[in-house]
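Residue-level listing of the chains:
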Amino acid sequence: MDRTITQSDLEFDARHIWHPYGTTPSQYELFAVESASGVRLRLSDGREVIDGMSSWWCMVHGYNHPVMNQALKDQVDSMSHVMFGGLTHKPAIELARKLIELTPEPIQTVFFADSGSVAVEVAIKMAMQYWQCKGLTSKNKLLTFKGGYFGDTTGGMSVCDPENGMHHLFTGILPEHHFVPRPACGFDETFEEHHIEAFRSELESLNHQVAAVIIEPIVQGAGGMHFYSPDFLKKVRELCDEHEVLLIHDEIATGFGRTGKMFACEHADVIPDIMCVGKAITGGYMTLSAVMCTEEISKTICASGPIMHGPTFMANPLACAAGVASMEILSTGEWQHQVANIEKKLWDGLSPCAELETVDNVRVLGAIGVVELKEPVVMSEIQPRFPEQGVWVRPFGKLVYIMPPYVISDEDLDTLCKAICTVVKSIS
Ligand SMILES: *Cc1c(COP(=O)(O)O)cnc(C)c1O
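Since the structure is predicted, the reported quantities are computational estimates derived from the model, not experimental observations. (Residues numbered from 1 in each chain as written. Predicted model: local features only at pLDDT ≥ 70, side-chain atom pairs only at ≥ 80, totals over all residues. Heavy atoms only, no water.)

Once that is clear, we can look at the overall build of the chain. Along the backbone of the chain there are 14 helices and 16 strands. Relative to the 2.2 N^0.38 estimate, which gives 22 Å for 428 residues, the radius of gyration of the chain is 22 Å and therefore close to what a compact globule would have. Residues counted as buried form 54% of the 428 residues belonging to the chain. Across the chain, every contact between residues at least 6 apart in sequence was considered, and the portion connecting residues at least 24 apart equals 71%. Summed over all atoms, the accessible surface of the chain reaches about 19000 Å², with 52% contributed by carbon and sulfur. Treating the 32 positive side-chain charges of the chain as one cloud and the 55 negative ones as another, the clouds have centres 1 Å apart. (Helix = DSSP H or I, 4+ residues; strand = E, 2+ residues; numbered from the N terminus. Rg over C-alpha atoms; globule rule 2.2 N^0.38 Å. Buried < 20%, exposed > 50% of the residue type's maximum accessible area, 1.4 Å probe, protein only. Contact = heavy atoms within 4.5 Å. Areas by Shrake-Rupley, 256 points an atom, 1.4 Å probe, with all protein chains shown as cover. Lys, Arg positive; Asp, Glu negative; His and termini not counted. Charge placed at Lys NZ, Arg CZ, Asp CG, Glu CD.)

Moving on, we come to the sheet that holds strand 2 (residues 40-43). Overall, mixed pairing links the 4 strands, which are arranged 1-2-3-15 in an open sheet. Each edge of the open sheet carries a strand with a single partner, namely strand 1 (33-37) and strand 15 (391-392). (Pairing = 2+ DSSP bridges.)

It is worth spelling out the domain arrangement of the chain at this point. Segmentation of the chain into domains returns domain 1 (31-64 + 333-426) and domain 2 (68-331). Once you take the C-alpha centre of each, domain 1 and domain 2 turn out to be 26 Å apart. On the side of domain 2, 29 residues touch domain 1, which itself brings 27 residues to the contact. For the pair domain 1 and domain 2, the two sides together bury roughly 2300 Å², of which 66% comes from carbon and sulfur. Applying the counting criterion to the domain 1 and domain 2 interface returns 0 salt bridges. Between the two partners, domain 1 and domain 2, sit 15 residue pairs in polar contact (both at pLDDT 80 or more). Of the residues assigned to the side of domain 1 that touches domain 2, the class counts are 19 nonpolar, 6 polar and 2 charged. (Domains from an automatic or database assignment. Buried area = accessible area lost by both parts, 1.4 Å probe. Salt bridge = Lys/Arg side-chain N within 4 Å of Asp/Glu carboxyl O. Polar contact = N/O pair within 3.5 Å; in protein donor to acceptor, adjacent residues only side chain to side chain. Nonpolar A, V, L, I, M, F, W, Y, C, P; charged D, E, K, R; others polar.)

Taken as a class, soluble globular proteins show a tendency for nonpolar side chains to be buried jointly. Phe-112, Phe-199, Val-213, Val-236, Phe-256, Val-400 and Ile-420 are the most contacted members of the largest nonpolar core, which totals 130 residues. Of the residues forming this core, the biggest block, 11 residues, is contributed by helix 5 (residues 116-133). Structurally, this core is a two-domain feature, drawing no fewer than three residues from each of domain 1 (31-64 + 333-426) and domain 2 (68-331). With sequence-adjacent residues up to four places away left out, Phe-256 is seen in contact with Leu-99, Leu-102, Met-262, Phe-263, Val-277, Gly-278, Ala-280, Ile-281, Met-327, Leu-330 and Tyr-406. Judged by nonpolar contacts, the second largest core, of 7 residues, contains Ala-71, Leu-72, Ala-322 and Ile-329. (Core = buried A, V, L, I, M, F, W, Y, C linked by side-chain atoms within 4.5 Å.)

Right under this line is the structure:
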């Protein structure tokens, strides 16, 4: 296949292909990528841009990584896919082994799914089935924070932020769950009892209806990029235990080092009952996710029967082989220095934006940097300015944010931060 992109390719694309949260024909200019290497995307117009997005959190080791490439080449030559019903294979076993090693001791089982959203569906099903198996069928509601994002399938959507999410489009179709305000206690703020009051009283008043609390630990991602206190998360765990409610952590965005810890729950030293991982699990090479749970959950469900889920591409060998390679790269521990360095450089590089009149605040955690504006950006205006500055950044709403690949150099990180400051200033 010739990978050059012509004007007529772009016209075809705009007419016939949907892009994320997009229209056909597309309202916005698309930038065509012909190849990518390290932290750089090569656009069809010849420009090279530094990727600040890690292709939406996942490309943590950079593009065209030799170890990742080789792992996939080897796997292709052995077996690209095989059904997982009744069959098994080494890439799945090896990846499950590594995931169980990485996660806290009580977490002992792995369900491989094909995307983050599907992982969330499976996690919700697990929680519901768990209580059914215990004969507590009235425990069938979820409780979450406002400002969350859990994917675009119905189960996930039903717990996404009720205002920014898609609820208004699907009223009457989505299952109805319960919401409390997002944690008001920032990552570095001192936790006080009043911070948890709304959550506590909602959990108390819902009295036996709640199957699980489902939350993104420490960082609420696409719902607003808010960082909250580890002590708050600890308290959530305590209250879940007290009220016999399961705790589901969605670590799809935060997992595998992004916040400075392997998993965000480690900031608070808490262990969820069910944990979803995805995105960076394959170093961004293939779509794959996993739902992990404690032995207590798997044993309870399986005492009554099977888990009722089984996607066609469950544990796809290519994806699992990419996962194994990604875990091997992470196991060197180098990511810890990289993320700590990125955190420092993001503070230095993005702080100047805080002086701008249009900027509400700048915040950084691990390899995540956020410039929150006072007004939402105009996408058609702001988007093309980033490639003009030699970078790829994709803002949404009031947020201009980046989560670069861990392998980014100091120099490229400087360019990225300077580009953001320049662009944000230019729209002032
Ligand atoms: C991206 C994301 C999802 C959905 O994952 P997909 O692979 O896009 O389906 C779910 N939860 C969180 C926290 C995410 O960041």
